[in-house]
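# Observations on the model geometry
These are the residues of each chain, in order.
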Amino acid sequence: NAGVTQTPKFQVLKTGQSMTLQCAQDMNHEYMSWYRQDPGMGLRLIHYSVGAGITDQGEVPNGYNVSRSTTEDFPLRLLSAAPSQTSVYFCASSYRNSPEAFFGQGTRLTVV
Amino acid sequence: EDQVTQSPEALRLQEGESSSLNCSYTVSGLRGLFWYRQDPGKGPEFLFTLYSAGEEKEKERLKATLTKKESFLHITAPKPEDSATYLCAVRVTGNQFYFGTGTSLTVIP
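So, how was this worked out
- Residues numbered from 1 in each chain as written.
- Chains lettered and ligands numbered in written order.
- Predicted model: local features only at pLDDT ≥ 70, side-chain atom pairs only at ≥ 80, totals over all residues.
- Heavy atoms only, no water.
- 1 Å grid on protein atoms, 1.4 Å probe; cavity = no way out; pocket = protein on both sides within 12 Å on 5 of 7 lines; lining within 4 Å.
- Points joined across faces, edges and corners; volume = space filled by probe spheres on them.
- Helix = DSSP H or I, 4+ residues; strand = E, 2+ residues; numbered from the N terminus.
- Nonpolar A, V, L, I, M, F, W, Y, C, P; charged D, E, K, R; others polar.
- Phe/Tyr/Trp six-rings, centres within 6.5 Å; stacked < 30°, edge-to-face > 60°.
- Buried < 20%, exposed > 50% of the residue type's maximum accessible area, 1.4 Å probe, protein only.
- Salt bridge = Lys/Arg side-chain N within 4 Å of Asp/Glu carboxyl O.
- Contact = heavy atoms within 4.5 Å.
- Buried area = accessible area lost by both parts, 1.4 Å probe.
- Polar contact = N/O pair within 3.5 Å; in protein donor to acceptor, adjacent residues only side chain to side chain.
- Pairing = 2+ DSSP bridges.
- Axes fitted to C-alpha atoms, helices over the stretch in contact; angles between N-to-C directions.

In this structure, the largest pocket occupies an estimated 610 Å³ of space. As for the largest pocket, its lining consists of 33 residues, of which Gln37, Val88 and Arg108 of chain A together with Gln38 and Gly41 of chain B are closest to the centre. Put simply, the parts of the chain that give the lining of the largest pocket at least two residues each are strand S4 (31-38), strand S9 (87-94) and strand S11 (107-111) of chain A together with strand S9 (84-92) and strand S11 (103-108) of chain B. A breakdown of the residues in the lining of the largest pocket according to their chemical character gives 10 nonpolar, 17 polar and 6 charged. By volume, the second largest pocket amounts to about 290 Å³. Looking at the second largest pocket, it is lined by 14 residues, and the ones nearest its centre are Met41 and Glu59 of chain A together with Gln3, Val4 and Phe99 of chain B. Taken together, the elements giving at least two residues each to the lining of the second largest pocket come down to strand S5 (42-51) of chain A together with strand S1 (3-7) and strand S10 (96-99) of chain B. Per element, the largest residue contribution to the lining of the second largest pocket is 4 residues, and it comes from S1 of chain B. Of the residues belonging to the lining of the second largest pocket, the class tally is 5 nonpolar, 5 polar and 4 charged.

Here it is as structure tokens:
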């Protein structure tokens, strides 16, 4: 059982480049979300989805886009990377009414 | 403003030395308080959920408690493998989650 899979694990981007962070889960979870983790800031919610075709903004959504065309996948797009987006990104999933969220291993992104 | 504060930032314990981690919160519409464990280079791993004041949950050497303003994670007779960062999070109305910055626990053999 793979759980929550994030790719890539590491990425370096130049300012202004765009890219997509991939997240896939095989547990048929309705709820998926993206967080960024920065030193001294804790995990902050970027975007989340309660099901296919439904997405909503979290605490820090600016500069990021998401879509949810299938239950399994929830990609995060950086439209024009900025150094302030250097962070570790985590994807998480859960059943809609379950308190237990499963996190991926994270993507460490550096924007230079 | 919704806020979650964890203390201490870091804690070093001798093996077998019990202690507690604190998570204080000021949120409206609390729909649950969560504790996670995070090992270096890994994603957080779910430990507990607490929903109402007075509730307690236990798992091995860990026990989580909740009051109206804070939660404690009690660690009894810790072992080196308990070394990790422990994160507290609250879920508020509208599917918003707020995490604290964590307590880094080191247990020395």
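Going through the model one piece at a time under the given rule, you end up with 1 cavity of 30 Å³ or more. In this model, the largest cavity occupies a volume close to 120 Å³. In this structure, the largest cavity is lined by 15 residues; those nearest its centre are Tyr31, Ser94 and Ala101 of chain A together with Tyr36 and Phe97 of chain B. Where the lining of the largest cavity is concerned, the elements lending two or more residues are S4 and S9 of chain A together with S10 of chain B. Per-element accounting of the lining of the largest cavity gives the leading share, 3 residues, to S4 of chain A. Broken down by class, the residue content of the lining of the largest cavity amounts to 9 nonpolar, 3 polar and 3 charged.

All names here are of chain A. The tally for this structure, following the rule as stated, stands at 11 aromatic pairs over all chains. Where tyrosine 31 meets tyrosine 48, the ring centres are 5.8 Å apart and the plane angle is 20 degrees; that geometry is what we call stacked. Of the two residues, tyrosine 31 is situated in strand S4 and tyrosine 48 in strand S5; the sequence distance between them amounts to 17 residues. Since its relative accessible area comes to 4%, tyrosine 31 is described here as buried.

Two side chains carrying opposite charge are able to pair once their charged atoms lie near each other. Counted under the stated rule, the structure contains 6 salt bridges over all chains. With its nearest N and O atoms 3.6 Å apart, the salt bridge here joins lysine 57 of chain B to glutamate 55 of chain B. When salt bridges that share partners are traced, they join Arg36, Asp38 and Arg44 of chain A into one network.

As a further point, take the interface of chain A and chain B. Residue-level contacts link 22 residues of chain A with 20 residues of chain B. Carbon and sulfur atoms make up 53% of the surface buried where chain A meets chain B, a total of about 1600 Å² over both sides. The three residues of chain A that bury the most area against chain B are Leu43, Pro99 and Phe103 of chain A, which together make up 30% of that side's buried surface. Taken together, chain A and chain B are joined by 1 residue pair in polar contact (both at pLDDT 80 or more). Listing elements by their share of the side of chain A that touches chain B, those giving two or more residues are S4 and S5 of chain A. Looking at which element gives the most residues to the side of chain A that touches chain B, the answer is S5 of chain A, with 5 residues.

Right, let's talk about the sheet that holds strand S8 (residues 76-78) of chain A for a bit. Residue and element names in this part refer to chain A. Here 4 strands make up an open sheet; going across it, the order is S1-S3-S8-S7 and the pairing antiparallel. Two strands close off the open sheet at either side, each with one partner strand: strand S1 (4-7) and strand S7 (64-66). Each strand axis lies, on average, 20 degrees off the axis of its neighbour in the sheet, ignoring direction. Relative to strand S3 (residues 19-25), S1 runs antiparallel, the two being bridged by 4 bridges. Residue pairing for S3: threonine 5 is matched across the bridge by alanine 24.

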